[in-house]
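Close look at the chain arrangement
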2 protein chains.
Amino acid sequence: MKTQMAAARDNIVTPQMEQLLAAETVDRDDLVSAVAAGRIAIPANPHHTHLVAGGVGRGLRTKINVNLGVSEDCCNVDLEIEKVRRAVALKADAIMDLSTFGDTRAFRRRAIEISPVMIGTVPVYDAVARYGKSVPDISVDDFFDTVALHAADGVDFITIHAGLTRAAVDRLRRRPRLTHVVSRGGAILLHWMDANECENPFYEHFDRLLEICRAHDVTISLGDGLRPGSLHDATDAAQIQELIILGELTLRAWRADVQVMIEGPGHVPLHEVAANMQLQKKLCHGAPFYVLGPIVTDVAPGYDHITSAIGGALAGAHGADFLCYVTPAEHLRLPDADDMKEGIVAARIAAHAADIAKGIPGAMDWDNAMSHARKELDWPRMMELAMDPDKARAYRESSKPLDEHVCTMCGDLCAVKRSRQVLEGR
Amino acid sequence: MKTQMAAARDNIVTPQMEQLLAAETVDRDDLVSAVAAGRIAIPANPHHTHLVAGGVGRGLRTKINVNLGVSEDCCNVDLEIEKVRRAVALKADAIMDLSTFGDTRAFRRRAIEISPVMIGTVPVYDAVARYGKSVPDISVDDFFDTVALHAADGVDFITIHAGLTRAAVDRLRRRPRLTHVVSRGGAILLHWMDANECENPFYEHFDRLLEICRAHDVTISLGDGLRPGSLHDATDAAQIQELIILGELTLRAWRADVQVMIEGPGHVPLHEVAANMQLQKKLCHGAPFYVLGPIVTDVAPGYDHITSAIGGALAGAHGADFLCYVTPAEHLRLPDADDMKEGIVAARIAAHAADIAKGIPGAMDWDNAMSHARKELDWPRMMELAMDPDKARAYRESSKPLDEHVCTMCGDLCAVKRSRQVLEGR
């Protein structure tokens, strides 16, 4: 079996590429050359049979990911499966199953079965969950067997924190941070490496990882175990050291025809966002960039869908290709279904604002249609076009104006109505 | 009586400047020279007796404004007065009373009486409300008498759309927009000018305006009647023509010792926000910039607190000094008290993120304190430090983890706890 990348290098347009072309404005030849060069990834495991393939990378719409999964504190399987369905309905482009409790395999397989969008996982979490061993006792084979299981189950992309090497940890120890390591996968590997006095197994045996991923065309999302967990730690030596290593691993993966995405921060002050995007694109040779946030202040727990929409929009405008959603529950608890919805809408706003800034052809057509409906005071059309029609309708219906053409914001002073009368005579 | 600007030009440190110095990190001499040069405005009408003066401009914290007021569709006076109190409690830096119905004077005077933060108004709205005339029948004296009344009542700043001249309207007619004029004050003046075939009265009689404002030290917030109402119309000739005129009026006001702020857009795509900020600072000679949003997409009614937090944060980072809040109700209805809260928090997030980017000394101390509490897993301290402690606590308490030190997001896999154990041995 050829990976998407290998096919592109042989100038083959795969069925997955055809699916992508139907949903995007990218040109066919540009797509094939971008996949061949690694600038676009198409995470599409052949075992994920109901997948409608999408892509992540330059020239494509900015995508958004939703995290969910079963954990010890929130272990209602049906509720999480319902969240998969709802996330798809709310137009998530990808779902990461971060389950850490119970029959993780059954949940994963069910999620893959019902999801038309790409599914990602973090096999290291599952290695902790399924073997029930203390972290230092997990063997190298345990880690890789888990990766192989996920690949066989049909997972489209996996997060692997292979850049958290002993060299990077040395830099971390040399210049201590305010918030150490805030990546779950990163902290697990740090713990394992420290207790066993060994190199990161995914770095040391990276070729073994590539073999599995090539066999099932699993895209590697190179995780940022050293992403900053506070504005204070942003863009520090440990973070950038890891990014340099991820760039080196990217080239090794591409040589093996394995697709790659790079994961990025995290907590970043607004004025450092553009530089972080530029640095990733340079150090990682144009590989797609998948960011978690970035959130632009640490002080607003309960509103981190907003702090991350700010950072995500700006990151996208400067080249990020894929935004991991952040919900209002971030830093406080696992998100429930309502939190998930708030997180998805905020991430979609950020991605759409970024697409306009990036100049994705046609991105602003939607805005123009909405603005036209506004000028016409065409309320049914405005409601239809709203990103969340239900919420827009509920607002509108909760407060009816005396004049049905306007809204209660301005009432009789409606500027749209008045200026149209003056300028168009109607 | 001397205005703050006249006092600064005589090198006098006023009591209002002392109040400002107590709340900001700006140096005393820098403040005096910035007020003298117009780069900082201190809206502080001497008749607003309970005011604790604040400032707007370069080197100061980015401020946020809350709009409220009584209208025909929402005419519960007590509710709006309660909103004044709540806005102050939620740390709004300014409140604009946009009342258009009923006894507007009584409401305005009550709001001024109870508000320790600066109060702004748009006298043109009130001219429509208090005379009960059709717009074309309002006289020039009616307009100026209303301004004088607001000044005598203690209003600290007034929005005056003096830049919407016949020349600017010509440019608007020559190159039609998707959404014409979306400023209420702008549309009223457009209507008046068109029906009476006259120049904008506030432009034609600008010196009369300056006399009133100098006498009561009312800061003029030069309104952007031609702000874009859609991404499509952003940064067009009509908008920039008006901005050029506002820059000329700024110099005339400063020559009369009258303080000025400039109002700005509106709806602006992300990649045009920085240029809009730079243009204002150049064309308006460094006058403080007061922006409404900007919102970075038109398609998310119900979530415009988020679309504007994105634009506002970026605008602030690039030099905007004052953010007008936008609520989830924008484009749909008048905001209620809950919408107001959502709007205030979103605007505060944007302003704080901008302050960090601007390098306001000490702005990041708050973030560092929060991140320290996170590293220590000190939940009571995190809750105290949260921008909205009530919401953060409600989230935390709704989902208690098995291990009280962590949260249900990661449970036993908490990276903070694990990495601290490895790196600090505790």
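Quantities reported herein were computed from a predicted structural model and do not represent experimental measurements. Along each chain, the written sequence defines residue order, and numbers are assigned to residues from 1. Lettering for chains starts from A, numbering for ligands starts from 1, and both go in the order in which the items are written. Per-residue local features of the predicted model are confined to residues with pLDDT of at least 70, and side-chain atom pairs are confined, for both listing and counting, to 80 or more; whole-chain, interface and lining totals are unaffected and use all residues. Each side-chain value is derived from all of the structure's non-hydrogen atoms; neither hydrogens nor water enter the calculation.

A few points about the overall build of chain A
Under the scheme used here, helices are H or I runs from DSSP no shorter than 4 residues and strands are E runs no shorter than 2 residues, and both carry numbers assigned from the N terminus. Of the regular secondary structure elements, chain A holds 19 helices and ten strands. Each radius of gyration is computed over the set of C-alpha atoms, and the globule rule expresses the reference value as 2.2 Å times the number of residues to the power 0.38. The globule rule puts the C-alpha radius of gyration for 426 residues at 22 Å, and the 22 Å found for chain A is close to it. Expressed as lengths along the three principal axes of its C-alpha atoms, the size of chain A is roughly 75 × 50 × 40 Å. Burial statistics for chain A: of 426 residues in total, 65% are counted as buried. Each charge class in chain A can be summarised by its mean position, and for the 46 positive and 59 negative side chains these summaries are 4 Å apart. Exposed residues in this analysis have more than 50% of their type's maximum accessible area, buried residues have under 20%, and partly exposed residues fall in between, with area computed by a 1.4 Å probe over protein chains only. Two residue types count as positive, namely Lys and Arg, and two as negative, namely Asp and Glu; His and chain ends fall outside the count. In this description, the location of a charge corresponds to atom NZ of lysine, CZ of arginine, CG of aspartate or CD of glutamate.

Some words on the sheet that holds strand β6 (residues 157–160) of chain B
Residues and elements named next belong to chain B. Should DSSP find at least two bridges between two strands, the strands are regarded as paired. Reading around the barrel, the eight strands line up as β3-β4-β5-β6-β7-β8-β9-β10 and close back on themselves, with parallel pairing between neighbours. Strand-to-strand twist in this sheet, taken as the mean axis angle between neighbours without regard to direction, amounts to 25°. Pairing geometry for strand β3 (residues 63–68) and strand β10 (residues 322–324), over three bridges, is parallel. From the neighbouring strand, Lys63 faces β10, where its bridge partner is Phe322. Lying over the sheet, helix α4 (residues 77–89) contacts β3 and β4 (94–97), oriented at roughly 170° with respect to β3. Only the stretch in contact is used when a helix axis is fitted, and all axes are lines through C-alpha atoms; the angle between N-to-C directions ranges over 0 to 180 degrees. Working rule for contacts: check all heavy atoms of both residues, and any pair within 4.5 Å makes them a contact.

What about the packing of aromatic side chains?
Side-chain rings of Phe, Tyr and Trp (the six-membered ring for Trp) are treated as a pair once their centres are within 6.5 Å; stacked means planes under 30 degrees apart, edge-to-face means over 60, and tilted covers the remaining angles. Applying the stated criterion across every chain, the model contains twelve aromatic pairs over all chains. Ring centres 5.2 Å apart and planes at 50° place the aromatic pair Phe144(A) and Phe202(A) in the tilted group. Taken together, the positions of Phe144(A) in helix α7 (residues 140–153) and Phe202(A) in helix α10 (residues 201–204) put the pair 58 residues apart, joining distant regions of the chain. Note on Phe202(A): relative accessible area 1%, which makes it buried. Site record: aromatic cluster; members linked through ring pairs are Phe143(A), Phe144(A), Trp192(A) and Phe202(A). Positioned above the aromatic ring of Tyr303(B), the side-chain terminus of Lys391(A) is 4.1 Å from the ring centre. Cation over ring: Arg396(A) sits above Trp379(A), and NZ or CZ is 3.7 Å from the ring centre. Any Lys NZ or Arg CZ that is within 6 Å of a ring centre and within 35 degrees of that ring's normal is treated as a charge sitting over the ring.

Digging into the UniProt feature "binding site: Zn(2+)" (unreviewed entry) in chain A
Summarizing the sequence annotation, UniProt attributes the feature "binding site: Zn(2+)" (unreviewed entry) to His267(A) and His331(A) in the numbering used throughout. Separation in sequence by 65 residues is not matched in space for these annotated residues, since their most distant C-alpha atoms are only 12.1 Å apart. With respect to the element layout, His267(A) can be found in the loop between β8 (260–264) and α13 (270–283). Look at His267(A) and you get buried, because its relative accessible area is 7%. In this structure His267(A) touches Pro228(A), Gly229(A), Ser230(A), Leu231(A), Ala234(A), Ile295(A), Asp298(A), His331(A) and Arg374(B), once residues within four positions along its chain are discounted. From its side chain, His267(A) meets the backbone oxygen of Gly229(A) in a polar contact 3.4 Å long. For His331(A), the position within the fold is in the loop between β10 (322–324) and α15 (337–358). Every residue in contact with His331(A), bar those within four places of it in the chain, is listed here: His267(A), Ile295(A), Asp304(A), Arg374(B), Trp379(B) and Cys407(B). UniProt positions are given in the numbering used here, feature names are shortened, and annotations may be inferred rather than shown by experiment. Distance and chemistry together define a polar contact, namely a pair of N or O atoms within 3.5 Å, with one atom able to donate a hydrogen and the other to accept it when in protein, and with adjacent residues in sequence counting only for side-chain atoms on both sides.

Some points on the pairing of strand β8 (residues 260–264) of chain B
Residues and elements named next belong to chain B. Among the five residues that make up β8, five are buried, leaving the element largely enclosed by the rest of the structure. Side chains Val260, Ile262 and Gly264 of β8 all project onto a buried face; the interleaved residues Met261 and Glu263 project onto the opposite face, where all are buried too. Bridge count for strand β7 (residues 219–222) against β8 is three bridges, and the pairing is parallel. Its bridge partner lying in β8, Ile220 is registered against Val260. By convention a crossover is right-handed if, when the strands point away from the viewer, the path from the first strand over the helix to the second runs clockwise. Handedness of the β7-helix α12 (residues 237–255)-β8 crossover: right-handed. Where β8 meets strand β9 (residues 289–292), three bridges bridge the pair, whose relative direction is parallel.

Some thoughts on the relation of the copies chain B and chain A
Least-squares superposition of the copies uses the C-alpha atoms of those residues scoring a pLDDT of at least 70 in each of them. You can overlay chain B on chain A at an RMSD of 0.0 Å; the transform is a turn of 180° with a shift of 0.0 Å along its axis. Look at the turn and shift together and you get a two-fold axis relating the two. Closest to the rotation axis within chain B is the C-alpha of Ile310(B), separated from it by 2.2 Å. A share of 100% of interface residues in chain B that are also interface residues in chain A marks the association as one of identical surfaces.

Topic: the domain arrangement of chain A
Residues and elements named next belong to chain A. Domain annotation of chain A identifies domain 1 (4–358) and domain 2 (365–424). Boundaries between domains were set according to an automatic or database domain assignment. When each unit is reduced to the centre of its C-alpha atoms, the spacing between domain 1 and domain 2 is 39 Å. In this assembly, six residues from domain 1 lie in contact with four residues from domain 2. Put simply, buried area is the surface a 1.4 Å probe can reach on two separate parts but cannot reach once they are joined, added for both. Broken down residue by residue, the surface that domain 1 buries against domain 2 is led by Lys341, Arg348 and His352, which jointly contribute 67%. Between Lys or Arg on one side and Asp or Glu on the other, a salt bridge is scored when a side-chain nitrogen of the former is within 4 Å of a carboxyl oxygen of the latter. On the surface where domain 1 and domain 2 come into contact, there are one salt bridge.

Observations concerning helix α11 (residues 206–216) of chain A
Owing to its 3.6 residues per turn, the α-helix brings residues three or four apart onto one side. Residue and element names in this part refer to chain A. Taken as a whole, α11 has its buried residues at Phe206, Leu209, Leu210, Ile212, Cys213 and His216. Seen from one end, α11 has its buried residues packed into an arc of 165°, which puts them on one side. Of the surrounding elements, those touching the buried residues of α11 are α7, β6 (157–160), α10, β7 (219–222) and α12 (237–255). In the segment just after α11, Asp217 is the residue with positive phi, at about 45°. The directions from the helix axis to the C-beta atoms are what the arc is built from.

Some remarks on the nonpolar core
Residues enter a nonpolar core if they are buried and are Ala, Val, Leu, Ile, Met, Phe, Trp, Tyr or Cys, with the set joined through side-chain atoms within 4.5 Å. Within the largest apolar cluster, 288 residues are counted, with the highest numbers of intra-cluster contacts made by Phe202(A), Leu209(A), Phe202(B) and Leu209(B). Setting aside chain neighbours within four positions, we find Phe202(A) in contact with Val124(A), Phe143(A), Phe144(A), Val147(A), Ile160(A), Ala162(A), Leu189(A) and Leu209(A).

Considerations on the layout of surface pockets
Grid spacing is 1 Å over the protein atoms alone, the probe is 1.4 Å, and a cavity is where that probe fits but cannot get out, while a pocket is an open set with protein on both sides within 12 Å along at least five of seven lines and lining residues have an atom within 4 Å of a point. Grid points are joined across faces, edges and corners, and a volume is the space filled by probe spheres set on the points. Looking at the largest pocket, its volume works out to about 840 Å³. Forming the boundary of the largest pocket are 40 residues, of which Arg61(B), Lys91(B), Asp93(B), Arg348(B) and Trp366(B) lie nearest the centre. Contributions of two or more residues to the lining of the largest pocket are made by α2 (15–23), β3, α4, α15 (337–358) and α17 (379–385) of chain B. When residues of the lining of the largest pocket are assigned to their parent elements, the largest contribution, seven residues, is made by α15(B). Side-chain classes follow a simple rule in which Ala, Val, Leu, Ile, Met, Phe, Trp, Tyr, Cys and Pro form the nonpolar group, Asp, Glu, Lys and Arg form the charged group, and the remainder, Gly included, forms the polar group. Broken down by class, the residue content of the lining of the largest pocket amounts to 23 nonpolar, seven polar and ten charged. Looking at the lining of the largest pocket, you find at least three residues from each of domain 1 (4–358) and domain 2 (365–424) of chain B. Here the second largest pocket defines a volume of roughly 470 Å³. For the second largest pocket, the lining is made up of 22 residues, of which Arg61(A), Arg348(A), His352(A), Asp355(A) and Trp366(A) are closest to its centre.

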